[in-house]
Amino acid sequence: RVLQPLGQLIFAAREIGAGNLAHKVQMSNQDEFAVLSEAFNTMSDELSGLFNSLEQRVAARTSELAHQAEQLDLINHVGRFVTLLREQRAHPEAV
């Protein structure tokens, strides 16, 4: 009565610890083990939600940074062009 549910919880803890947040613990009885298994399931659902949210935030921030890098590259090119024009105006004989 105790060993099987305990074994299921140990297995679930290992699965969740290994990153398998989709793993669910199924208990048919209504004792303390069932309450604990529901807590495991809730915990893995919350962790999964947090990871998904974090991945979305990282993707959004990565996109923002890529856009900013493109803008900085464009500014750099414009700066080089302006410098070249100034040099040509200062030394027109060099052209």
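Anything mentioned here points back to the structure above.
Read on for an overview of the structure. Remember, predicted model here, so these are calculated numbers, not experimental data.

Calculation criteria
Residues numbered from 1 in each chain as written. Predicted model: local features only at pLDDT ≥ 70, side-chain atom pairs only at ≥ 80, totals over all residues. Heavy atoms only, no water. Salt bridge = Lys/Arg side-chain N within 4 Å of Asp/Glu carboxyl O. Helix = DSSP H or I, 4+ residues; strand = E, 2+ residues; numbered from the N terminus. Buried < 20%, exposed > 50% of the residue type's maximum accessible area, 1.4 Å probe, protein only. Patch = residues over 30% accessible without salt bridge, like charges linked within 9 Å, V, L, I, M, F, W, Y side chains within 5 Å. Areas by Shrake-Rupley, 256 points an atom, 1.4 Å probe, with all protein chains shown as cover. Contact = heavy atoms within 4.5 Å. Expected span 1.5 Å × (residues − 1).

**Description of the pattern of salt bridges**
Phase 1 of the analysis: Enumeration according to the criterion identifies two salt bridges in this entry.
Phase 2 of the analysis: In this structure, lysine 24 engages aspartate 45 in a salt bridge whose closest nitrogen and oxygen atoms are separated by 2.2 Å. Linking lysine 24 in the loop between helix H1 (3–17) and helix H2 (32–90) with aspartate 45 in helix H2, this pair joins segments that are 21 residues apart in sequence.
Phase 3 of the analysis: A salt bridge links glutamate 64 to arginine 61, with the shortest nitrogen-to-oxygen separation between them at 3.0 Å. Linking glutamate 64 with arginine 61, this pair stays in helix H2, spanning three residues, or about one helical turn.
Phase 4 of the analysis: With relative accessibility at 41%, the residue glutamate 64 sits in the partly exposed group.
Phase 5 of the analysis: Among the residues examined, arginine 61 registers a relative accessible area of 42% and is labelled partly exposed.

**Observations concerning a nonpolar patch on the surface**
Phase 1 of the analysis: Taken together, the side chains of Val2, Leu6 and Ile10 define a hydrophobic patch exposed on the protein surface, amounting to about 230 Å² of accessible area.
Phase 2 of the analysis: The topology assignment puts valine 2 in the segment before H1.
Phase 3 of the analysis: On the basis of relative accessibility, which here comes to 47%, the residue valine 2 falls in the partly exposed class.

**A look at the side chain of aspartate 31**
Phase 1 of the analysis: Along the polypeptide, aspartate 31 turns up in the loop between H1 and H2.
Phase 2 of the analysis: Among the residues examined, aspartate 31 registers a relative accessible area of 12% and is labelled buried.

**Observations concerning the environment of histidine 23**
Phase 1 of the analysis: Following the sequence through the fold, histidine 23 ends up in the loop between H1 and H2.
Phase 2 of the analysis: With a relative accessible area of 18%, histidine 23 lands in the buried category.
Phase 3 of the analysis: Put simply, histidine 23 and glutamate 87 are 64 residues apart on the chain and 67 Å apart in space, counted from C-alpha to C-alpha.
Phase 4 of the analysis: Aside from chain neighbours lying at most four places away, what touches histidine 23 is Phe11, Ala12, Glu15, Asn41 and Ser44.

**Brief notes about H1**
Phase 1 of the analysis: With 15 residues, H1 should cover 21 Å at 1.5 Å per step; its first-to-last C-alpha distance of 21 Å lies within 8% of that length.
Phase 2 of the analysis: Turning to H1, the residues buried within the fold contact H2.
Phase 3 of the analysis: Positive backbone phi, approximately 100°, marks glycine 19, located one or two places after H1.

**Observations regarding the environment of glutamate 38**
Phase 1 of the analysis: In this structure, glutamate 38 sits in helix H2.
Phase 2 of the analysis: The class for glutamate 38 is partly exposed, based on a relative accessible area of 48%.
Phase 3 of the analysis: Considering only alpha carbons, one finds glutamate 38 and valine 78, 40 residues apart in sequence, at a separation of 60 Å.

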